[in-house]
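# Results of the structural survey
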Amino acid sequence: MFDLRGGGLWKRAMKSGATVSVYGMSHTRGYGLTNRVSVYGEIGGAYVESEDSSVLPSINNDDIHGFGGNLVLGGQLNAKLWKSATGRWEWDGSMGYRYIGAHKKDGNQMTWNEWQMATTIARSLGDVKLYTGLKLSALNVDYKLEVNRVTANGTYKPKSVVGPLFGIDWTVGEDQSTVLNLEGSYIGGAGINLSVTKKF
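A brief structural summary. Worth saying up front: this structure is predicted, and the values here are computed from it rather than measured.

### Notes on the pattern of salt bridges
Between side chains of opposite charge, a pair can form when the charged atoms approach closely. In the structure shown here, the tally under the stated rule is 6 salt bridges. With a closest N to O distance of 3.0 Å, Glu42 and Arg98 form a salt bridge. In this pair, Glu42 sits in strand β3 (residues 37-51) while Arg98 sits in strand β5 (residues 89-101), placing the two residues 56 residues apart along the sequence. With a relative accessible area of 25%, Arg98 lands in the partly exposed category. Residues Glu90 and Lys129 are paired through a salt bridge, measuring 3.9 Å at the closest nitrogen-oxygen approach. Of this pair, Glu90 sits in strand β5 while Lys129 sits in strand β7 (residues 128-147), and the two are 39 residues apart along the sequence.

### A look at the pairing of strand β11 (residues 190-198)
One ladder, built from 9 bridges, connects strand β1 (residues 2-13) with β11; its direction is antiparallel. Counted as the bridge partner of Leu9 is Gly191 from β11. Two strands pair when backbone bridges link them, and strand β10 (residues 178-186) and β11 are joined in this way by 9 bridges, in the antiparallel orientation. By the bridge assignment, Asn181 is partnered in β11 with Ser195.

### Brief notes about the nonpolar core
In this structure, Val48, Ile100, Met110, Trp112, Tyr143 and Tyr156 are the most contacted members of the largest nonpolar core, which totals 18 residues. For this core, the secondary-structure elements that each account for two or more residues are β2 (19-32), β3, β4 (64-83), β6 (109-125) and β7. Counting residues per element, this core draws most heavily on β7, which supplies 4 residues. With near-sequence residues (within four places) excluded, Tyr156 lies in contact with Met14, Ser16, Ala18, Val20, Ser50, Asp52, Leu139, Asn140, Val141 and Tyr143.

Definitions and limits used
Residues numbered from 1 in each chain as written. Predicted model: local features only at pLDDT ≥ 70, side-chain atom pairs only at ≥ 80, totals over all residues. Heavy atoms only, no water. Salt bridge = Lys/Arg side-chain N within 4 Å of Asp/Glu carboxyl O. Helix = DSSP H or I, 4+ residues; strand = E, 2+ residues; numbered from the N terminus. Buried < 20%, exposed > 50% of the residue type's maximum accessible area, 1.4 Å probe, protein only. Pairing = 2+ DSSP bridges. Core = buried A, V, L, I, M, F, W, Y, C linked by side-chain atoms within 4.5 Å. Contact = heavy atoms within 4.5 Å.

Structure (structure tokens):
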């Protein structure tokens, strides 16, 4: 399969009182290992920013610090754990890892390391599939801020790591090989993603 997606995570709360936001786009390729297990690889780009009043004021004299454009790399393993005899109900599970970062000589820098796990129950209604479940996101963000040659270093850790996940798939096209997806989640901050998937 071939997938293009874009979306963001808005103001995810950190233990320090800061929030972190991410906006980006990525490309995913997937391969079926068996009829139940698939593996996926992701590459893309993302803009990351933090809002933190406990560290240096930004160059604009506020609490928002931008980390510019960053590389996104990820991998995921998906498994179909159960499917009803009618095919209308399905129970899935997944686990994966995501890295966001860029090597820069000067300015603000960050490294985003995130382990994810999710489980969902889905219900098919013709060309539409609705699903909901729980997602675990264990995140570690190492950062270095530089303002007027003054630096501050630290690590952000999330206030919460588990939250609800929900979405909708809509299969379109004469050969039913294209899927439009809208997915949302809330783990200390609202996340939303839109994607278009082409199955081969």
